[in-house]
Amino acid sequence: MTRLSTAVVLFMLLFINVNSQTKSPSAFLGYELGERFSQHHQVVSYFKHIAENNTNVKLISYGETYEKRPLHLAFISSEENMRKLEELRLDQLRSARILEGSPTQNKIAIVWLSYNVHGNESVSTEVSMQTIFELVDPENKVSKEWLKNTIVIIDPCINPDGRERYVNWYMQKSNAPYNKNPDAIEHHEPWPGGRANHYLFDLNRDWAWATQTETRQRLAVYNQWMPHIHVDFHEQGVNSPYYFAPAAKPYHEVMSQFQMDFQGVVGKNHAKYFDKKGWLYFTKEVFDLLYPSYGDTYPTFNGAIGMTYEQGGSGSAGLGVKTKEGGELTLKDRIAHHLTTGLSTIEVASVNASKLNEEYRKYFDKAKDQPAGTVKTYVIKDNTDDKVENLRNLLDLHDIQYGSPVSAMSLKGYSYQADKVMKLNLKENDLVISMHQSKSNMIRALFEPQTKLNDSLTYDITAWSLPYARGLEAYSFESKIAMAPYQKTKVPKDSIQIEKPYAYIAKWNSVQDVAYVSYLLQKKVKVRFSTRDFSMNNKKFEPGSLIMTRAGNEELKSFDSIVLSGAKKFDRQILPVATGLTSSGPDFGSNKVAFLKPPKVAIVSGPRISSQNFGAIWHFFEQQIGYKLNVLDASYFSRVDLHKYTVLILPSGNYSSLLDKEQLEKLKNWVENGGKIVALGSAISTFAGSKDFDISNYESKKMEEEAKKKRDSIKKQNQLIAYDNQERNYLSNLSQGGVFKTTLDRTNPLGFGYKDHYYTLKNSGIRYPYLKNGFNVSVIEDKSSKVSGFVGKNVMDSVDDSLVYGIEEKGRGALIYMVDDPLFRSFWENGKLLFSNAIFMVGND
């Protein structure tokens, strides 16, 4: 008994001793890092293990994904720094002039390392575990020195949902042992792949727009820390060498010289280690710093040294893959490369901590006291369409300050809509954004009407100005406008008290209005809408205004309660009226007041369909308007009985195999019997190639001949172009997010809730002529309507008289053609009502 007790005690002591020590990832996981992919719960467990066994590590949960996976951040520094972590955070915000007061002259560098924003670039999360171990390993004396003057923040996985999608697929499909043959199934991800999050959004394009829950939760913490350095770890094609800073041009002009120069300092340090190992790498190519919504540019425009690191690999690499040179790229290789640049970054930060702090303070002193550029104030006019309130929510998320004029005044400023300087009467409820604040460079990047391009060879879109993207009545001024705390317009509550109104009226000009009508329809309220202007009780209502009459809702006992509670839920102002007789315009029994039939909406998904366009639509229905969307997969679409649905959405994609001649005939018959198709982007080509539809590629034989001449001319030019200019010449055929001011027929149901124009974002050279027998609701009349962004010469030369949005009526149904994406990345807010009109309004009038 004594021997047994002694053995138990010894075992317990051994057990306690082993588990009280920090384990390496391999020791903790039970396999060597790189032998297989680790799953998210294992990564979380490892980070908890590190935090529990190291007093110089703090692990926090900052939220969860749409699929309810936890999001974590680890803070690592010296024991001394960790004891005053909150004090150092507040001091950093004082250095950034976000908090009042003088910062201490501390020389602590803050480095934020973000891993796995793209789920199938899966090496990053593996690296995060080895990186944090290297920082706490008691045998690693070098890292202990770094941590004396450096705080490292690690996000082990920004996109757990996407990564788990990839990892789970790979574990199911890979050979044992893995097959390095690039033809093997384990190197060919199926649609939609693991790159994006749950709603198939690219989170590396969402930093500035913050449309996704992962982004919003991350930004809330990021803006509490405002680091000196931020690194976004990525992967690229299997055969690409490693990429690190300095970045390629174009740089956005808000970057400081120090930010540009320090990228070179970091790059040289990385090169030192890569040279020693004989690893291939490249710099100053491909990955630029222009678009403000990346994981490198957003931090850069907020004062940090923002950088992207790209390792060869991605979803086609697996655990190991044969390269075009005949070698093998393994997961272990990829881990080693990313680990090296991560630790090298921390080293550079530690060595240059004093300089980083000095330049950081200079950056924000200048941003606040001497903001760059001629514009010193932006003004957004007050309105009643929710746009200002939605903008305020975004500004709050980015910690951008705003207010209202101290008093009403008149002055001259640049009008975005008129594209000229004009006189403006400011009111006390207008929104004023002063450039004299810490975030002035970010404000400039988001609001400037024209982005300055020092090189048109860029990685993403070139226009995103918020006034155009959000349909704001915006102005800029070269003078500073005195500002008071923001005064939200108080919409007076109607004093009319009617016990049982004849009807309720609500406006229709924002996504919140769409969410409200979605709520009503799902509560079985019968809704009508006016197709003409009308007035009542001294109030004017525009086409699209919602009318909930008691007539038709008699059997709904809770009619009043539903309408009123919904209005409260969505903060809608509704007008109760005692009569259906209007002061002007159609009365409520007129055939100009239409019944809004609840749409039964389906959407096609699957291979050859744009996953991002599909995802934006999916997200819009579920997260923004709360309306049921039936997802039909391409694999069984031909067997679906479409008569169960009234609306079919075709996201941008290639439908040549899905919609063959037989299926196209089936669709045509469905439309003629009352169905409605909403076709976006390249999906339109399916109908343009058929003689059964009004949409066409060219209007006439003459047009075809002119196009052929143009193609022949371009081909001849290309034959004479030097080899090293081919890439730039290719830009002539691209539209990299050019913004055009289009016409818009606001009397058409597709244009309800808008003025007589619309700003569209053109991301391709796709062009269709006007419909001959349909409604050309929005068109580009000529190339002079371009207001912002880069559009290649060949695209500009052919953009005249092109369709943007149109409706073809066929039998009792309709086809709605949306050439440009109204929901692009969900940040093109001004297109969302137009898309909603296509779903709810068109075909009901």
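Definitions and cut-offs
Residues numbered from 1 in each chain as written. Predicted model: local features only at pLDDT ≥ 70, side-chain atom pairs only at ≥ 80, totals over all residues. Heavy atoms only, no water. Helix = DSSP H or I, 4+ residues; strand = E, 2+ residues; numbered from the N terminus. Rg over C-alpha atoms; globule rule 2.2 N^0.38 Å. Buried < 20%, exposed > 50% of the residue type's maximum accessible area, 1.4 Å probe, protein only. Salt bridge = Lys/Arg side-chain N within 4 Å of Asp/Glu carboxyl O. Pairing = 2+ DSSP bridges. Axes fitted to C-alpha atoms, helices over the stretch in contact; angles between N-to-C directions. Expected span 1.5 Å × (residues − 1). Arc of directions from axis to C-beta. Contact = heavy atoms within 4.5 Å. Phe/Tyr/Trp six-rings, centres within 6.5 Å; stacked < 30°, edge-to-face > 60°. Parallel < 35°, antiparallel > 145°, perpendicular 65-115°, else oblique. Left-handed = near helix turned anticlockwise from the far one by under 90°. Nonpolar A, V, L, I, M, F, W, Y, C, P; charged D, E, K, R; others polar. pLDDT = per-residue confidence, 0-100. 1 Å grid on protein atoms, 1.4 Å probe; cavity = no way out; pocket = protein on both sides within 12 Å on 5 of 7 lines; lining within 4 Å. Points joined across faces, edges and corners; volume = space filled by probe spheres on them. Polar contact = N/O pair within 3.5 Å; in protein donor to acceptor, adjacent residues only side chain to side chain.

Chemist: Any chance you could break down the overall build of the chain for me, citing the residues and the numbers?
Modeler: On a plain count of helices and strands, the chain comes out with 25 helices and 36 strands. Whereas a compact globule of 845 residues would reach a radius of gyration of roughly 28 Å, the chain reaches 29 Å, a difference of no more than 12%. Overall size of the chain, expressed as C-alpha extent along the three principal axes, is 95 × 75 × 65 Å. Out of the 845 residues in the chain, the part that is buried amounts to 58%.

Chemist: Describe the pattern of salt bridges, with residues and values.
Modeler: Within this structure, the stated rule accounts for 37 salt bridges. Between E126 and R163 there is a salt bridge, with its nearest N and O atoms 2.8 Å apart. Taken together, the residues E126 in helix α6 (residues 123-136) and R163 in helix α8 (residues 160-173) connect sequence positions 37 residues apart. Judged by relative accessible area, E126 falls into the buried class, the value being 0%. Three or more residues joined by partner-sharing salt bridges are found here, namely E121, R195, D202, R205, D460 and R825.

Chemist: Can you tell me about the sheet that holds strand β26 (residues 593-595), naming the residues and giving the values?
Modeler: Read across the open sheet, the five strands follow the order β25-β20-β24-β21-β26; overall the sheet is antiparallel. Two strands in the sheet have a free side with no partner beyond their single neighbour: β25 (575-577) and β26. In this sheet, adjacent strand axes meet at a mean angle of 30° when their direction is disregarded. Bridging between strand β20 (residues 503-506) and β25 involves three bridges; their strand directions are antiparallel. The residue of β25 that forms the bridge with A503 is V577.

Chemist: Could you give an account of helix α20 (residues 661-672), naming the residues involved and the relevant values?
Modeler: Over its 12 residues, α20 extends 17 Å from the first C-alpha to the last, a length consistent with the 16 Å expected when each residue adds 1.5 Å. Within α20 the residues assigned to the buried category are Q663, L664, L667, K668, W670 and V671. In a view along the axis of α20, the buried residues occupy a sector of 160°, so they form one face of it. Relative to its buried face, α20 has exposed residues pointing more than 90 degrees away, namely K661 and E662.

Chemist: Tell me what's going on with the pairing of strand β1 (residues 57-64), and back it up with residues and numbers.
Modeler: Here β1 runs beside strand β2 (residues 70-76); their pairing, made up of seven bridges, is antiparallel. When the sheet's bridge partners are listed, L59 is paired in β2 with A74. Count of turn residues in the β1/β2 antiparallel hairpin: five residues, of which K68 carries a positive phi of about 70°.

Chemist: I'd like to hear about the sheet that holds strand β17 (residues 431-434), residue by residue, with values.
Modeler: With respect to topology, five strands assemble into an open sheet ordered β16-β15-β18-β13-β17, the strand pairing being antiparallel. Looking at strand neighbours, the two that pair on one side only are β16 (420-426) and β17, the edges of this open sheet. Direction aside, the axes of adjacent strands within the sheet are offset by 40° on average. Here two bridges tie strand β15 (residues 409-415) to strand β18 (residues 474-477), and the two strands are oriented antiparallel to one another. Directly across from S415, in β18, lies its bridge partner Y475. Seen against the sheet, helix α14 (residues 387-397) touches β13 (377-380) and β17 and runs at an angle of roughly 30° to β17. Taken strand by strand, helix α15 (residues 440-447) contacts β13 and β17, and its axis lies near 50° from that of β13.

Chemist: Please provide a residue-by-residue account of the packing of aromatic side chains, values included.
Modeler: Across all of its chains, the model carries 54 aromatic pairs by this definition. Pairing W112 with Y222 gives two aromatic rings, centres 5.1 Å apart and planes at 50°, and the pair type is tilted. Of the two residues, W112 sits in strand β3 (residues 109-114) while Y222 sits in helix α9 (residues 213-225), which places them 110 residues apart along the sequence. Across this residue pair, the class does not change: W112 and Y222 are buried. Put simply, the rings of W209, Y291, Y294, W464, F824, F827 and W828 touch in pairs and so form one group of aromatic residues.

Chemist: I'd like a rundown of the side chain of N159, residues and numbers included.
Modeler: Among the structural elements, N159 can be located in the loop between β4 (150-155) and α8. In this structure, N159 is in contact with N116, V117, H118, G119, G194, R195, A196, N197 and L203, ignoring residues within four places of it in sequence.

Chemist: Give me the environment of V593: which residues, what numbers.
Modeler: Examined against the element boundaries, V593 turns out to sit in strand β26. C-alpha of V593 to C-alpha of S530: the two residues are 63 residues apart in sequence and 4.3 Å apart in space. Ignoring anything within four residues of it in the chain, the contact list for V593 reads R528, F529, S530, I547, D587 and F588.

Chemist: Account for the packing of helix α10 (residues 257-277) against helix α13 (residues 353-369), naming residues and giving values.
Modeler: Running from amino to carboxyl end, α10 crosses α13 at an angle of 155°, the nearest separation of the two axes being 10 Å. Between α10 and α13, the crossing angle belongs to the class labelled roughly antiparallel. In this structure, α10 meets α13 at a crossing whose hand is left-handed. Each of F258, Q259 and F262 in α10 lies in contact with α13, whose residues at this interface are K355, L356, E359 and Y363. For the contact of α10 with α13, the residue count by class is four nonpolar, one polar and two charged.

Chemist: Could you give an account of unusual backbone geometry, naming the residues involved and the relevant values?
Modeler: Residue A245 is joined to P246 through a cis peptide bond whose omega torsion reads 10°. With respect to the helices and strands, the residue P246 is situated in the loop between β6 (242-243) and β7 (248-251). Cis geometry is adopted by the peptide bond preceding P250, which originates at K249 and carries an omega value of 15°. Examined against the element boundaries, P250 turns out to sit in strand β7. Phi is positive for S314, close to 65°, though the residue is something other than glycine. Note on placement: S314 falls in the loop between β10 (305-312) and β11 (320-322). Exposure remark for S314: the relative accessible area of 14% places this residue in the buried category. Of note in the backbone geometry, N538 takes a positive phi value of approximately 65° without being a glycine. Tracing the sequence through the fold places N538 in the loop between β22 (534-536) and β23 (539-541). In this structure N538 comes out as exposed when scored by relative accessible area, which is 85%.

Chemist: Before we move on, could you go through the confidence of the model for the chain and cite the residues and values that matter?
Modeler: Mean pLDDT over the chain works out to 93, with 92% of the residues at or above the 70 mark. Taken together, the stretch residues 1-19 has pLDDT below 50 and engages in two contacts with residues farther than four places along the chain or on a different chain. Ignoring residues within four places in sequence, the model shows residues 726-731, a span with pLDDT below 50, making 12 contacts including any to other chains.

Chemist: I'd like a description of the pairing of β13, backed by residues and values.
Modeler: Burial along β13 is two-sided: T377 and V379 facing one way and Y378 and I380 facing the other are all buried. By the bridge criterion, four bridges tie β13 to β17 in an arrangement that is antiparallel. What sits directly across from T377, in β17, is S434. Relative to β18, β13 runs antiparallel, the two sharing four bridges.

Chemist: How would you explain empty space enclosed by the protein if you had to name every residue and give the values?
Modeler: Taken as a whole and assessed by the stated rule, the structure comprises five cavities of 30 Å³ or more. Counted as a void, the largest cavity has a volume near 160 Å³. Lining the largest cavity we find 13 residues, and of these K387, S510, V511, E829 and N830 sit closest to its centre. Of all the secondary structure elements, the ones that give two or more residues to the lining of the largest cavity are α14 and α17 (511-522). Of the residues belonging to the lining of the largest cavity, the class tally is three nonpolar, six polar and four charged.

Chemist: Talk me through the environment of N56; I want residue IDs and the actual numbers.
Modeler: In this structure, N56 sits in the loop between α3 (40-53) and β1. Sequence separation of N56 and N748 is 692 residues, and the distance between their C-alpha atoms is 63 Å. Those residues in contact with N56, other than ones at most four positions away along the chain, are F75, I76, S77, S78, E79, M82, V136 and L147. A polar contact is formed between the side chain of N56 and the backbone oxygen of S77, at a distance of 2.9 Å.

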